[in-house]
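# Close look at the chain arrangement
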Amino acid sequence: ISNLYINRPTQNHVGLFGLTNSATIKNIGLENVKITGESGVGALVGYNTNNSTISNSYASGTVSGNDYVGGLVGLNYYSTVSNSYATVSVNGNNRVGGLVGDNNNNSTISNSYATVSVNGNNRVGGLVGLNNNSTISNSYATSSVSGNLYVGGLVGVNEIDSTISNSYATSSVSGNDCVGGLVGVNEADSTISNSYASGSVTVTGNDYVGGLVGLNYYSTVSNSYATVSVNGNNRVGG
C-alpha cells in the first residue's frame, strides 16, 4: 500500500488499522505513509491489543502524534510483533519509538528493527519508547534518537520485570537526563542480556548518561557491552 495519508491530529487510535482486538495481521507493506494523530498512532496499527499478532510487515514514511507513537504500532498491549520493521521518521511527545511507542503487559517484539529518526520528549527509543512488563529479543535500531527524559538508542525505559536480549543499537542518542546508547532507564527487576551499543555512536546528556544504560535501578545487565563515545555532566559512564 503506497502513499497512505491520514491527518487526524486530535483523534486517538490512528493508523491503517486504528484498533485491533485478537487480530492477525501479516505480510503487509506500507510505503511512503504520512500519518498524524493524537494518542495511539502507528503506520500499521494505532492500538494493537488483546493477543493480536503482527508479523512480516513493514512501513516507511513519517508518523506524528502526542502519546504512544510508533513507526509501525503506537501501543502494543498484550500482543506480539515479529519479523517486522519500520524505516519511518517518528515525532511525538511521550512514549515514542521507531517501531513501537509502548510495548506493554506481557507483549513481545522479536526479530524486528527500526531505522531513520525518532524525536520526542519523554520515554523515547530507537525501537521502543517504553517496554513495560514485556519482552524484546533479537531486534535492533539504527535510528537517530533525540529527546529530553529517558532516551535510549533501542529503548527509552525498560521496566517492571521486562527483558531485552540478543539486541543492539547503533543509534546517535541525545537527551537531558537518563540517556543511554541502548536503554535510557533499566528499572524494577528488569533484565538486559547479550546486547550492545556500538558503531559510530555519540551519547550526550546532562545527568545519568551511559554508553549502554543511563540509569540501572534494581535491575540486571549481563553479557553486554558498549563501544560508544559518551559525553555528559553528572553520573556519566562508558
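Scroll up to find the structure this text is about.
Computed from a predicted structure; not experimentally measured.

Conventions and cut-offs
Residues numbered from 1 in each chain as written. Predicted model: local features only at pLDDT ≥ 70, side-chain atom pairs only at ≥ 80, totals over all residues. Heavy atoms only, no water. Helix = DSSP H or I, 4+ residues; strand = E, 2+ residues; numbered from the N terminus. Phe/Tyr/Trp six-rings, centres within 6.5 Å; stacked < 30°, edge-to-face > 60°. Buried < 20%, exposed > 50% of the residue type's maximum accessible area, 1.4 Å probe, protein only.

You can see Thr24 is positioned in strand S3 (residues 24-26). Between the C-alpha atoms of Thr24 and Val179, which are 155 residues apart in sequence, the distance is 35 Å.

Taken as a whole and judged by the stated rule, the model has 7 aromatic pairs. Consider the rings of Tyr58 and Tyr85, whose centres lie 5.1 Å apart with planes at 5 degrees: the pair is stacked. Of this pair, Tyr58 sits in strand S8 (residues 58-64) while Tyr85 is found in strand S12 (residues 85-91), placing the two residues 27 residues apart along the sequence. Classification of Tyr58 by relative accessible area gives partly exposed; the value is 25%. Relative accessible area serves as the criterion here: at 25%, Tyr85 is assigned to the partly exposed category. Each ring, one from Tyr113 and one from Tyr140, has its centre 4.8 Å from the other, and the planes form 5 degrees; the classification is stacked. Remark: Tyr140 occurs in strand S20 (residues 140-146) and Tyr113 occurs in strand S16 (residues 113-119); sequence separation between them is 27 residues. Given the relative accessible area of 24%, Tyr113 is considered partly exposed. Three or more aromatic residues joined by ring pairs form one cluster here, namely Tyr58, Tyr85, Tyr113, Tyr140, Tyr168, Tyr196 and Tyr225.

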